[in-house]
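Architecture at a glance
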Amino acid sequence: MNALSSLLSLAYLGLAFLAPSPVSHLFGLAALGVTAFLRLSPTWRTLSLALLTLAFTVGLMRSGNTLGLIGLVGILVALTTLPRIPTGIRVLLALAILLLSVPLAGFANTFVFELGIQIGIYAAMALGLNVVVGMAGLLDLGYAAFFAVGAYTWAIFGSEQAKNFLQGNFPLPGEYMYLFMGIAIVTTALTGLLIGLPALRLRGDYLAIVTLGLGEVVRILANNLDHPINFTNGPQGITPVQRPPIDWFRQLMATLGVHLDRTTDYQLFFYFLVLLMIGLVVLVNVNLANSRFGRAWVAIREDEVAARSMGIPLLPTKLLAFMTGAAFSGVMGVIFAAQRTFVSPESFTLLASITILGMVILGGMGSIPGAILGAAALTILNLDVLKTFSEFVRISLPQIPNQVDPAKYERLVFGLILVLMMIFRPEGLIPEKRHRAEMEEA
Amino acid sequence: MLEQILALLPQVIFDGFILGFVYAMVALGYTMVYGVLELINFAHSEIFMIGAVVGVEVFRYLAPQVESGFLLLLLALILGGVVAGITAILVERFAYRPLRARGTTNRLVPLITAIGVSFILQDLVRLIEGLWHNEFFLRMRTVEDLEGSVSLFGGAIFAQTKSFILMGVSILMLVGLTYLVNRTKLGVAIRAVAQDLHTASLMGIDPDRIISRTFLIGGSLGGVAGVLFALQYTTITPYVGFLPGIKAFTAAVLGGIGNIPGAMLGGLVLGQLENFFGTYLPILTNGNFGTEYKDVVAFLILIFILLVRPQGLLGQVVKEKV
């Protein structure tokens, strides 16, 4: 058994090098499954994981296919969740994947960067929603609204848009983005306060419908606040939004011996920025989970009445969770606006909110590695797998009407994920301990 | 400006009733399911949409064969109600019942399932329409019998035959439902399950069966409302249920969730308010804020009610049991 997993890994390494194709990557994912789920001795397992890391990196570099990215994320998850792997090796492998494998693959195929950044932005948001839904048990169906508030906060002032209602020198220079990340935390947390104050007094299900409405209202405002005063530029959206200057980053990379060209420099920069943000968000998440507030949230989630009798003030505690989640989303909104240099109401629909919810559900409510895995899986599914599949359908089954294009049916896919997870595995793929206990108790 | 407002007022109130009756019928589905399961059945807005799509399809295919527009509409209403009702039963059977069978106490689980079902139904309808007609933007076919119009009160109200039919059918359905819930054996069983599912099951009531019937009744009401909605507003897509859905739920909360007369009242009030603001907002603000903001108004009403009278207009305060 032990040798088998390493043999499989080795075989995939060979395949990835000699014959990189979707089939060989699927083989690699199978090898990862064997490594993660069978009973193996820690040494062999570590060895296989290391081999697989190398193999997925080679696979990503040598083919236009991004299935390998799922493998790398899978290895990261395995490293954080599997027992009895030496800590040093865990850290070393994780760093190698994040700092070497992904950038190397990205230089070979810039789509990997694009995917990596999107996964990172969504992962950070999923972690924020995880605080609201997973820890405190508050169902927020308008989470993308906060993302929108954050994105527009920077987009309006980081473009010529602000000239319409303010005197002054707009766009603000790109460095201000860092300041606006702070401002977005405040504006989104305040938005959360404004919505939460009436909605959180009531039973949980009302929050769901109020946040659903809020998401819709923010979208309507973004679409229509181009008159009487043009704040949001309506459905056309705002472009170009300033990016921070990165000369220092180029120099830093040059001293490390990496020479960047015009297309990859910003992508690498935003990739690292997003990684940094995820690091921060995870840190905040872990600390919150073990804090007085984290325990209070879990208590409220499990039994509101009991929590109140233990002296937990319900409204302030729930508000705090709601505002924390909102603030995470707002910061990522600023980065999103700067990275794409373009913001429009299209990105903040109900579908976006449900996608983020789907990430949290798929990974497991309350589970930090789960949220990251969920974000990676759904982002890759959405941006890559569905598109590839629809390409395949178009070419091989031309008689099918063009309205039946798989890439347009994300709702069906996300809906199925939500329903099937709720029926068969409500605790998620990587369950958090308390949640599993709660779901099994009944 | 006041003159302009007053001149429009009769028409605004008339149109408000049309919208209000649609909301009232959809709100009943939300309120009945909430009554028995304490679940916001997000999928109900899609049941409504399915009714509308069935209505469009019946008109598309049967209009050349059936001579009388009224008979055609009757067929559409029956088919729309039946298909929507059956869909509602299937949703309950395959999505919600497995959760109940497992006895999950976590309140998020059924809510998230409901959202998922809602998304699945939207895209399933889109898929079916895509395969069938290679298009999912549907237009209701107009039939002459139903389009005839009259002017009332010296031209103050312009009203179409179909608008009167909409109101008439709605009132009939609402009266019928009230009779069914208050006077029949099934109605007693539904109220018993709503009051206390466990005790009801000790009194010889099969809760699963009653819940299924509740979905059937609420679903067919939603379906009928959908057909009438399609007749009135003509443009239908698989995503058309979402906004009326949220608003009908708002209406149910406005009237007092779980309360059947409350849902009707809430629907009518919300229809009037929304139509009022939708028409007058552009006039009052010199066109600076357009009709689009009527959705925002409905949402603000929801928040306002939750703040000042969370039990709704006709609801009673229920103490939370431990």
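Since we're looking at a predicted model, the values are computed, not measured.

Here is what the cut-offs are and how they apply
Residues numbered from 1 in each chain as written. Chains lettered and ligands numbered in written order. Predicted model: local features only at pLDDT ≥ 70, side-chain atom pairs only at ≥ 80, totals over all residues. Heavy atoms only, no water. Helix = DSSP H or I, 4+ residues; strand = E, 2+ residues; numbered from the N terminus. Rg over C-alpha atoms; globule rule 2.2 N^0.38 Å. Buried < 20%, exposed > 50% of the residue type's maximum accessible area, 1.4 Å probe, protein only. Areas by Shrake-Rupley, 256 points an atom, 1.4 Å probe, with all protein chains shown as cover. Contact = heavy atoms within 4.5 Å. Lys, Arg positive; Asp, Glu negative; His and termini not counted. Charge placed at Lys NZ, Arg CZ, Asp CG, Glu CD. Phe/Tyr/Trp six-rings, centres within 6.5 Å; stacked < 30°, edge-to-face > 60°. Lys NZ or Arg CZ within 6 Å of the ring centre and 35° of its normal. Buried area = accessible area lost by both parts, 1.4 Å probe. Salt bridge = Lys/Arg side-chain N within 4 Å of Asp/Glu carboxyl O. Polar contact = N/O pair within 3.5 Å; in protein donor to acceptor, adjacent residues only side chain to side chain. Pairing = 2+ DSSP bridges. Patch = residues over 30% accessible without salt bridge, like charges linked within 9 Å, V, L, I, M, F, W, Y side chains within 5 Å. Core = buried A, V, L, I, M, F, W, Y, C linked by side-chain atoms within 4.5 Å. Domains from an automatic or database assignment. Axes fitted to C-alpha atoms, helices over the stretch in contact; angles between N-to-C directions. Parallel < 35°, antiparallel > 145°, perpendicular 65-115°, else oblique. Left-handed = near helix turned anticlockwise from the far one by under 90°. Nonpolar A, V, L, I, M, F, W, Y, C, P; charged D, E, K, R; others polar. Expected span 1.5 Å × (residues − 1). pLDDT = per-residue confidence, 0-100.

For the rest of this paragraph, the subject is the overall build of chain B. The helix and strand inventory of chain B stands at 12 helices and 4 strands. In terms of overall dimensions, chain B is globule-like: its C-alpha atoms have a radius of gyration of 20 Å, near the 20 Å expected for 322 residues. Seen through its C-alpha atoms, chain B measures out along the principal axes to roughly 60 × 50 × 35 Å. Of all 322 residues assigned to chain B, the portion counted as buried reaches 56%. Counting only carbon and sulfur atoms, one obtains 66% of the accessible surface of chain B, whose full area is about 13,900 Å².

A word on the overall build of chain A. If you tally the helices and strands in chain A, you get 18 helices and 0 strands. In terms of overall size, chain A behaves like a compact globule, its C-alpha atoms giving a radius of gyration of 22 Å where 442 residues would be expected to give roughly 22 Å. Each principal axis of the C-alpha distribution contributes one length, and for chain A these read about 65 × 55 × 55 Å. Sorting the 442 residues of chain A into buried and exposed places 57% on the buried side. Considering only residue pairs separated by 6 or more positions, chain A has 73% of its internal contacts joining residues 24 or more positions apart. With the model as given, the accessible surface of chain A reaches about 18,100 Å², and the carbon-plus-sulfur share is 67%. Taking the 26 positively charged and 23 negatively charged side chains of chain A as two groups, their mean positions are separated by 6 Å.

In this structure the tally under the stated criterion is 32 aromatic pairs over all chains. Ring pairs connect the aromatic residues Phe107(A), Phe113(A), Trp248(A), Phe249(A), Tyr266(A), Phe269(A), Phe270(A), Tyr271(A) and Phe272(A), which therefore count as one cluster. The cationic tip of Arg292(A) hangs over the ring face of Phe293(A); the distance from NZ or CZ to the ring centre is 5.1 Å. We note Arg126(B) situated over the ring of Tyr409(A); from NZ or CZ to the ring centre the distance is 5.3 Å.

A separate point is the interface of chain A and chain B. Reports often express the size of an interface as the amount of accessible area lost when the parts come together. Residue-level contacts link 51 residues of chain A with 57 residues of chain B. Both sides together, the interface formed by chain A and chain B hides about 4,900 Å², and carbon and sulfur atoms give 75% of it. Area buried by chain A at its contact with chain B is led by Tyr206(A), Ile209(A) and Arg411(A), which between them contribute 13% of it. Linking chain A to chain B there are 0 salt bridges. The interface formed by chain A and chain B includes 5 residue pairs in polar contact (both at pLDDT 80 or more). When residues of the side of chain A that touches chain B are traced back to their parent elements, those giving at least two are helix H9 (204-224), helix H15 (350-363), helix H17 (410-424) and helix H18 (433-441) of chain A. Sorting elements by how many residues they give to the side of chain A that touches chain B places H9(A) first, with 13 residues.

So, on to the pairing of strand S3 (residues 157-160) of chain B. Residue and element names in this part refer to chain B. By the bridge criterion, 4 bridges tie strand S2 (residues 149-152) to S3 in an arrangement that is antiparallel. Residue pairing for S3: valine 150 is matched across the bridge by alanine 159. Joining the antiparallel neighbours S2 and S3 is a turn of 4 residues, in which phenylalanine 153 adopts a positive phi near 50 degrees.

This part is about the pattern of salt bridges. Inspection of every chain in the model, using the stated rule, returns 15 salt bridges over all chains. In this structure, the salt-bridge partner of Glu216(A) is Arg219(A), at a minimum N-O distance of 2.6 Å. Highlighted residues: Glu216(A) and Arg219(A), both in helix H9, separated by 3 residues, approximately one helical turn. Glu216(A) gets classed as buried once you look at its relative accessible area, which sits at 8%. Taking the shortest distance from any N to any O, the salt bridge between Arg301(A) and Glu302(A) comes out at 3.7 Å. When salt bridges with common partners are traced through the structure, they connect Glu92(B), Arg97(B), Arg100(B) and Asp208(B) into a single cluster.

To continue, consider a nonpolar patch on the surface. Residue and element names in this part refer to chain B. On the surface, Leu71, Leu74, Leu75, Ile78, Val82, Ile86, Leu90 and Phe94 cluster together to form a nonpolar patch covering roughly 730 Å² of accessible area. Of note, isoleucine 86 is situated in helix H3 (residues 69-102). The partly exposed category is assigned to isoleucine 86, whose relative accessible area is 44%.

The next thing to look at is the nonpolar core. Ranked by internal contacts, the top residues of the largest apolar core, which has 248 residues, are Leu141(A), Val210(A), Phe42(B), Phe59(B) and Ile236(B). The element contributing the most residues to this core is helix H6 (residues 110-135) of chain A, with 17 residues. Taken domain by domain, this core gets at least three of its residues from each of domain 1 (1-108) and domain 2 (124-357) of chain A. Residue contacts for Phe59(B): discarding those within four places in its chain leaves Leu72(B), Leu73(B), Ala76(B), Met140(B), Arg141(B), Val143(B), Leu146(B) and Leu231(B). Counting 5 residues, the second largest nonpolar core, distinct from the first, contains Ala296(A), Ile300(A), Ala307(A) and Leu314(A).

We now examine the environment of Arg340(A). All names here are of chain A. Along the chain, arginine 340 turns up in helix H14 (residues 314-340). Judged by relative accessible area, which is 32%, arginine 340 ranks as partly exposed. In this structure the C-alpha to C-alpha distance between arginine 340 and leucine 79, which are 261 residues apart in sequence, comes to 31 Å. Once residues within four sequence positions are removed from consideration, arginine 340 is found in contact with Gln118 and Ser347.

This part covers the packing of helix H10 (residues 242-255) of chain B against helix H12 (residues 294-308) of chain B. Residues and elements named next belong to chain B. Across the interface, H10 lies against H12 with an axial gap of 10 Å and an inter-helix angle of 30 degrees. Taken together, H10 and H12 sit at an angle that is classed as roughly parallel. As H10 runs across H12, the sense of the crossing is left-handed. Only Asp295, Ala298, Leu302, Ile305 and Leu306 of H12 make contact with H10, whose side of the interface consists of Leu243, Lys247, Thr250, Val253 and Leu254. Of the residues in the contact of H10 with H12, the class split is 7 nonpolar, 1 polar and 2 charged.

This part takes up H12(B). Under the 1.5 Å per step criterion, the end-to-end length of H12(B) is 21 Å for 15 residues, consistent within 8% with the ideal 21 Å. Along H12(B), the residues classified as buried are Asp295(B), Val296(B), Val297(B), Ala298(B), Phe299(B), Ile301(B), Leu302(B), Ile303(B), Ile305(B) and Leu306(B).

All names here are of chain A. When you line up the elements, histidine 435 lands in helix H18. Assessed through its relative accessible area of 1%, histidine 435 is described here as buried. Separated by 205 residues in the primary sequence, histidine 435 and asparagine 230 place their C-alpha atoms 47 Å from one another.

Moving on: unusual backbone geometry. Going from Thr239(A) to Pro240(A), the amide bond is cis rather than trans, its omega being -5 degrees. In this fold, Pro240(A) is placed in the loop between H9 and helix H10 (247-255). Of note, the phi angle at Thr234(B) is positive, near 60 degrees, even though the residue is not glycine. Tracing the chain through its elements places Thr234(B) in the loop between helix H9 (207-233) and strand S4 (235-236).

This part takes up the side chain of Arg45(A). Residues and elements named next belong to chain A. On the secondary structure map, arginine 45 appears in helix H3 (residues 42-62). Although buried, arginine 45 forms no salt bridge, and the nearest oppositely charged side chain, glutamate 427, lies 18 Å from it. Arginine 45 has contacts with Thr35, Ala36, Leu38, Leu40, Leu82 and Pro83, leaving out every residue within four places of it along the chain.

Right, let's talk about the confidence of the model for chain B for a bit. Within chain B, residue pLDDT values average 88, and 98% of them lie at 70 or more. Between the elements of chain B, mean pLDDT differs from a low of 79, seen in helix H5 (residues 144-147) of chain B, to a high of 94, seen in helix H2 (residues 44-62) of chain B.

Turning our eyes to something else, we now look at the domain arrangement of chain A. All names here are of chain A. Along its sequence, chain A is carved into domain 1 (1-108) and domain 2 (124-357). For domain 1 and domain 2, the distance between their C-alpha centroids amounts to 32 Å. At the junction of the two partners, domain 1 supplies 5 residues and domain 2 supplies 7 residues. Here domain 1 packs against domain 2, burying approximately 470 Å² in sum over the two surfaces, 85% of which is carbon and sulfur. Connecting domain 1 to domain 2 are 0 salt bridges.

Time to look at H2(B). Helix length check: H2(B), at 19 residues, gives a terminal C-alpha distance of 27 Å against a target of 27 Å (1.5 Å per residue), a fit within 8%. The element H2(B) is largely enclosed, with a buried count of 16 among its 19 residues.

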